[in-house]
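Coordinate inspection notes
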Amino acid sequence: QRQLVESGGRSVQDGDSLRLSCTASGISFGVYSLGWFRQVPGKERNFVAATSRRGDYTTYSDSVKGRFTISRDDTENTVYLQMNSLKPEDTAVYYCAADLIRMPSDESRDSLQYWGQGTQVTVSS
C-alpha cells in the first residue's frame, strides 16, 4: 500500500501555474518533515522544496526559489507545491517524501522514510 500519493501534474505552457498535492494514509503528516523532489529520465532525483515538522521553516533549491512555494495542511494530511512562472526546464516527474527526523534535502534523499509514486509535469514553450 502506497502511504503517500501525489496528484495535480499535467501538461501546461511556459509561464503557467500548477499546484501539486500529496496526501498520506496510514501515517500522520503532523509529526513528519515533508518535501518535494523531481526527476527526468536518465538523471538523478533532485531536491526541490521542504517544510519542517512544525511548518515553521522551509527550504528551496536555487532553481525554484521565488517561483515555488511549499505548504502543509496537517488537518487534511496533505502537503502542497504551488508552482508559478513555470519553465520548460521544470518538466519532470515530481515526488513527495516524508521523514520523522530528517529534513528532506539532496543530502538526506537516500535515507528518507516514505515516498510517493510521482506525478508528471510537462511545460511546453
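Each chain has its residues counted from 1, following the order in which its sequence is written. Two thresholds apply to this predicted model, a pLDDT of at least 70 for residue-level local features and 80 or more for giving and counting side-chain atom pairs, whereas whole-chain, interface and lining totals are computed over all residues. Side-chain metrics in this entry use all non-hydrogen atoms of the structure; hydrogen atoms and water are not considered.

**Looking at the nonpolar core**
F29, W36, L81, M83 and Y94 are the most contacted members of the largest nonpolar core, which totals 26 residues. Helix and strand definitions here come from DSSP, where helices need a minimum of 4 consecutive H or I residues and strands a minimum of 2 consecutive E residues; each element is numbered from the N-terminal end. The set of elements that each furnish at least two residues to this core consists of β3 (18-24), β4 (33-39), β5 (46-51), β7 (68-73), β8 (78-83), β9 (92-99) and β11 (119-124). Contacts are assigned to residue pairs with any non-hydrogen atoms lying within 4.5 Å of each other. Filtering out sequence-adjacent residues up to four positions away, L81 remains in contact with L18, R19, L20, W36, V48, A49, F68, T69, I70 and Y94. For our purposes a nonpolar core is just a set of buried Ala, Val, Leu, Ile, Met, Phe, Trp, Tyr and Cys residues, chained together by side-chain atoms within 4.5 Å. Under the scheme applied here, a residue whose accessible area is under 20% of the maximum for its type counts as buried, over 50% as exposed, and between as partly exposed, the area being computed with a 1.4 Å probe on protein chains only. Core analysis: the second largest hydrophobic core is formed by five residues, F37, A50, A97 and L112 among them.

**A few points about the side chain of R38**
Within the element layout of this structure, R38 appears in strand β4. In terms of polar contacts, R38 uses its side chain to reach the side chain of D90, at 2.9 Å. Polar contact is defined as a pair of N or O atoms within 3.5 Å, subject to the rule that within protein one atom must be able to donate a hydrogen and the other to accept it, and that residues adjacent in sequence are counted only when both atoms are side-chain atoms. A polar contact of 2.9 Å, which involves the side chain of R38, links it to the side chain of Y94. Not counting the four nearest positions on each side in its chain, R38 is found in contact with E44, R45, N46, V48, S63, V64, F68, E89, D90, A92, V93 and Y94.

**Observations regarding the state of the cysteines**
By definition, a disulfide links the sulfur atoms of two cysteines through a covalent bond. In what follows, a disulfide is any cysteine sulfur pair within 2.5 Å. For the structure shown, the criterion picks out one disulfide. The disulfide bridge from C22 ends at C96, spanning 1.9 Å between sulfur atoms. For the disulfide bridge between C22 and C96, the dihedral angle about the S-S bond is near 50°, and by the sign convention the bridge is right-handed. Taken as a pair, C22 in strand β3 and C96 in strand β9 lie far apart in primary sequence, 74 residues in all.

**Quick look at the environment of S71**
Of note, S71 is situated in strand β7. Linking S71 and S21, residues 50 residues apart in sequence, is a C-alpha distance of 9.8 Å. The residues contacting S71, other than those within four sequence positions of it, are V79 and Y80.

Shape descriptors only; they carry no functional weight alone.
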